[in-house]
Amino acid sequence: MSSNFKSKKHQCLVFLKLCSSIKHLLQIHAQIHLSALQSDSFIISELVRVSSLSHTKDLTFARTLLLHSSDSSPSTWNMLSRGYASSDSPVESIRVYSEMKRRRIKPNKLTFPFLLNACASFFGLTAGRQIQVDVLKHGFDSDVYVGNNLVHLYGSCKKTSDARKVFDEMLERNVVSWNSVMTALVENGKFSLANECFMEMIDARFCPDETTMVVLLSACVGNLSLGKLVHSQVVVRELDLNCRLGTALVDMYGKSGGLEYARFVFERMCDRNVWTWSAMIVGLAQNGFAEEALQLFSKMKKESSVRPNYVTFLGVLCACSHVGLVEEGYRYFHEMERRHKIKPMMIHYGAMVDILGRAGRLSEAYGFIKKMPFEPDAVVWRTLLSACSVHHDEDGEGIGEKVKKRLIELEPKRSGNLVIVANRFAEARMWDEAAEVRRVMKENKLKKIAGESCLELGGSVHRFFSGYDPRFEYVSMYELLDLFKLHLVSDNHMVSNSNSFS
């Protein structure tokens, strides 16, 4: 090999390292052709790496390069697969793998984590199961990174039992393995199982990290005692209260009613981002501290460089709703798009309907819905119907009737809608119509969803449903309630008798 050829190759490699735009990349590619280096496998590999994984990436260009090359190195194909896995078209990663198989390029242990991550991104359960078969065929089922991504895939596809099965069968585990299975459980609402998994992790002498605590805190929402316990673990293990962990704590305390603790953490955080401010604003608004929430929003805009996002404005609109600030609600709603270029989402329109509905401005709320730039969902209509039930005396234009009809058109088989309709008929003393709605429910075997309340006691959340629950641990509670009822009846009887004698 001549020294001139070597120097040209070195020059091209240096250019690739300094590449800062797709335009530069194309110029380097042209130089590679002029230097007759287009068949050099290392040069092709570097071109694919830069066009797949750098900030100047162009995946179509990288793919064209590979398809027109004779490169049979799995690492080069893995780079393209990895690029697609983190792109807006993760399914293309599977197609790249199919081309690898067609060319009989043998995958290595780094091939499968990217593919499984891609499947998780587009919820490709079938494709993921097929990849798992290839994992077993090539003998990579004992690799910890493959196992972690399999757990993540099944969690993303709501297959928690499969995620747990893969985890239980892993010969080697690391902290990421435990975090992956806990994330799978938390994201699918299996909070108690996630907490049990954490205790297993401690028993197995693994040291939880920041991610473990963030995942656990999201499982503690609504359970203040358990949230405090996880916070104590953060303190005991001397984990740094960075922006991510601090935000998770503020969010948990805000959603669990521990506003004093949320304030405490928030005030002591050195680094706050938009999610931190939003978590505090939403927490205050949802717990009845609407004015403080709006003051904090003003403080965020004046004293920090943080720009509000869609969650921030949701908290602000929620605060306006709680204190009946209709005009301010309108102002913030329009400020979102006009000043901050945030396009209002369905949830923001619903919040604005709630503001108008709570203020009894039913006709205005109905007009607001009709002017929405997209089709309102059932939640928006249900918000207005609920307001119509509260302010039925002010519903002179029959807004409730219009909303009721639209809601039944959208969700004809949702029992909750029919119950609301039947109750509205009953309130208007339209007994035949109310009976007809309940007859339709009975014929279609639609049952009213039982009322539910929760009680946190000793770190556990107990759920109670209306009606009799035959579970053994509840029998003694019913007996106690019966005793209270007996005392109340007896007391009322004594009071009525004493009144009759006086």
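Residues numbered from 1 in each chain as written. Predicted model: local features only at pLDDT ≥ 70, side-chain atom pairs only at ≥ 80, totals over all residues. Heavy atoms only, no water.

Enquirer: Explain the overall build of the protein residue by residue, including any values.
Expert: Within the protein, the regular secondary structure consists of 27 helices and 2 strands. For the protein, the residues scored as buried account for 43% of the 502 residues in total. Of the contacts made within the protein by residues no fewer than 6 positions apart, 58% connect residues no fewer than 24 positions apart. Surface accessibility of the protein: about 27900 Å² in total, with carbon and sulfur atoms responsible for 55%. (Helix = DSSP H or I, 4+ residues; strand = E, 2+ residues; numbered from the N terminus. Buried < 20%, exposed > 50% of the residue type's maximum accessible area, 1.4 Å probe, protein only. Contact = heavy atoms within 4.5 Å. Areas by Shrake-Rupley, 256 points an atom, 1.4 Å probe, with all protein chains shown as cover.)

Enquirer: Residue-level account of helix α21 (residues 346-358), with values.
Expert: With 13 residues, α21 should cover 18 Å at 1.5 Å per step; its first-to-last C-alpha distance of 18 Å lies within 8% of that length. Along α21, the positions that sit buried rather than exposed are His 348, Tyr 349, Gly 350, Ala 351, Met 352, Val 353, Ile 355, Leu 356 and Gly 357. Looking at the buried residues of α21, the elements they touch are α19 (310-323), α20 (326-338), α22 (362-370) and α23 (378-390). A positive backbone phi angle near 80 degrees is found at Gly 360, which sits one or two residues after α21. (Expected span 1.5 Å × (residues − 1).)

Enquirer: Can you tell me about the environment of Ala 118, naming the residues and giving the values?
Expert: For Ala 118, the location among the structural elements is in helix α7 (residues 111-121). Relative accessible area serves as the criterion here: at 0%, Ala 118 is assigned to the buried category. In this structure, the C-alpha to C-alpha distance between Ala 118 and Gly 128, residues 10 residues apart in sequence, is 8.8 Å.

Enquirer: Can you tell me about the side chain of Thr 76, naming the residues and giving the values?
Expert: By the secondary structure assignment, Thr 76 is in helix α5 (residues 74-85). With residues near it in sequence (within four places) discarded, Thr 76 still touches Ser 45, Val 48, Leu 66 and Asp 71.

Enquirer: Tell me about the pattern of salt bridges, residues and numbers included.
Expert: Counting across every chain of the model gives 23 salt bridges. Taking the shortest distance from any N to any O, the salt bridge between Lys 101 and Asp 134 comes out at 3.2 Å. On the criterion of sequence distance, the pair formed by Lys 101 in helix α6 (residues 91-102) and Asp 134 in helix α8 (residues 125-137) is long-range, its members being 33 residues apart. Residue Asp 134 is classed as buried on the basis of its relative accessible area of 8%. Its salt-bridge partner being Lys 301, residue Glu 335 comes within 3.2 Å of it at the nearest N-O pair. Residue Glu 335 is found in helix α20, and its partner Lys 301 is found in helix α18 (residues 290-303); the two are separated by 34 residues along the sequence. For Glu 335, a relative accessible area of 9% puts it in the buried group. What makes Lys 301 partly exposed here is its relative accessible area of 28%. Through salt bridges with shared partners, a single ionic network connects Arg 63, Glu 92 and Arg 95. (Salt bridge = Lys/Arg side-chain N within 4 Å of Asp/Glu carboxyl O.)

Enquirer: Give a description of the packing of aromatic side chains that names residues and reports values.
Expert: Scanning the entire structure with this criterion turns up 15 aromatic pairs. Between Phe 297 and Tyr 332, the aromatic rings sit 5.6 Å apart at their centres with planes inclined by 80 degrees, giving edge-to-face as the arrangement. Here Phe 297, found in helix α18, pairs with Tyr 332, found in helix α20; they are 35 residues apart in sequence, far enough to count as distant. Residue classification places Phe 297 among the buried residues on the basis of a relative accessible area of 0%. Relative to Phe 368, the ring of Tyr 349 lies with its centre 5.7 Å away and its plane at 40 degrees, an arrangement referred to as tilted. One end of the pair, Tyr 349, is in helix α21; the other, Phe 368, is in helix α22, and 19 residues separate them in sequence. (Phe/Tyr/Trp six-rings, centres within 6.5 Å; stacked < 30°, edge-to-face > 60°.)

Enquirer: Explain a nonpolar patch on the surface residue by residue, including any values.
Expert: A cluster of nonpolar side chains, contributed by Leu 480, Leu 481, Leu 483, Phe 484 and Leu 486, occupies part of the molecular surface with about 500 Å² of accessible area. Looking at Leu 483, the relative accessible area reads 41%, which means it is partly exposed. (Patch = residues over 30% accessible without salt bridge, like charges linked within 9 Å, V, L, I, M, F, W, Y side chains within 5 Å.)

Enquirer: I'd like a description of the environment of Arg 102, backed by residues and values.
Expert: Looking at where Arg 102 falls in the secondary structure, it is placed in helix α6. Reaching out from Arg 102, the side chain makes a polar contact with the side chain of Glu 99 at a distance of 2.8 Å. (Polar contact = N/O pair within 3.5 Å; in protein donor to acceptor, adjacent residues only side chain to side chain.)

Enquirer: Break down the side chain of Thr 212 for me, with residues and values.
Expert: Here Thr 212 lies in helix α13 (residues 210-219). Look past the residues within four positions of Thr 212 in its chain and what remains in contact with it is Val 175, Asn 179, Met 182, Phe 198 and Met 201.

Enquirer: Hey, could you go over the packing of α22 against α23 for me, with residue numbers and the actual values?
Expert: Two numbers describe how α22 lies on α23: the axes approach to 10 Å, and their chain directions differ by 170 degrees. What the angle tells us is that α22 and α23 run roughly antiparallel. Within the contact between the two elements, α22 uses Leu 362, Ala 365, Tyr 366, Ile 369 and Lys 370 and α23 uses Val 380, Trp 381, Leu 384, Ala 387 and Cys 388. Here the residues of the contact of α22 with α23 sort into 9 nonpolar, no polar and 1 charged. (Axes fitted to C-alpha atoms, helices over the stretch in contact; angles between N-to-C directions. Parallel < 35°, antiparallel > 145°, perpendicular 65-115°, else oblique. Nonpolar A, V, L, I, M, F, W, Y, C, P; charged D, E, K, R; others polar.)

Enquirer: An account of the environment of Phe 425 is requested, with residue identities and associated values reported.
Expert: When you line up the elements, Phe 425 lands in helix α25 (residues 415-427). Along the primary structure Phe 425 and Ala 435 are separated by 10 residues, whereas in three dimensions their C-alpha atoms are 8.9 Å apart.

Enquirer: Provide a residue-level description of unusual backbone geometry, including the pertinent values.
Expert: Here the phi dihedral of Lys 158 falls at roughly 65 degrees; this positive angle occurs in a residue that is not glycine. Residue placement: Lys 158 occurs in the loop between α9 (144-156) and α10 (160-169). Positive phi values are uncommon outside glycine, yet Glu 238 reaches one of about 55 degrees. Residue position: Glu 238 is located in the loop between α14 (224-236) and α15 (243-255).

Enquirer: Could you give an account of helix α24 (residues 399-410), naming the residues involved and the relevant values?
Expert: Taking 1.5 Å per residue, 12 residues should reach 16 Å; α24 reaches 17 Å between its end C-alpha atoms and fits that length. All of the buried residues along α24 are Ile 399, Gly 400, Val 403, Lys 404 and Leu 407. Viewed along the axis of α24, the buried residues span an arc of 130 degrees, placing them on a single side of the element. Facing away from the buried side of α24 by over 90 degrees, the exposed positions are Lys 405 and Glu 409. (Arc of directions from axis to C-beta.)

Enquirer: Could you give an account of the packing of α14 against α15, with specific residues and numbers?
Expert: Two numbers describe how α14 lies on α15: the axes approach to 10 Å, and their chain directions differ by 160 degrees. Relative to α15, the element α14 lies roughly antiparallel. Crossing of α14 over α15 shows left-handed handedness. Residues Leu 224, Gly 227, Lys 228, His 231 and Val 234 of α14 form the contact with α15, whose participating residues are Leu 245, Leu 249, Met 252 and Tyr 253. Looking at side-chain class alone, the contact of α14 with α15 contains 6 nonpolar, 2 polar and 1 charged residues. (Left-handed = near helix turned anticlockwise from the far one by under 90°.)

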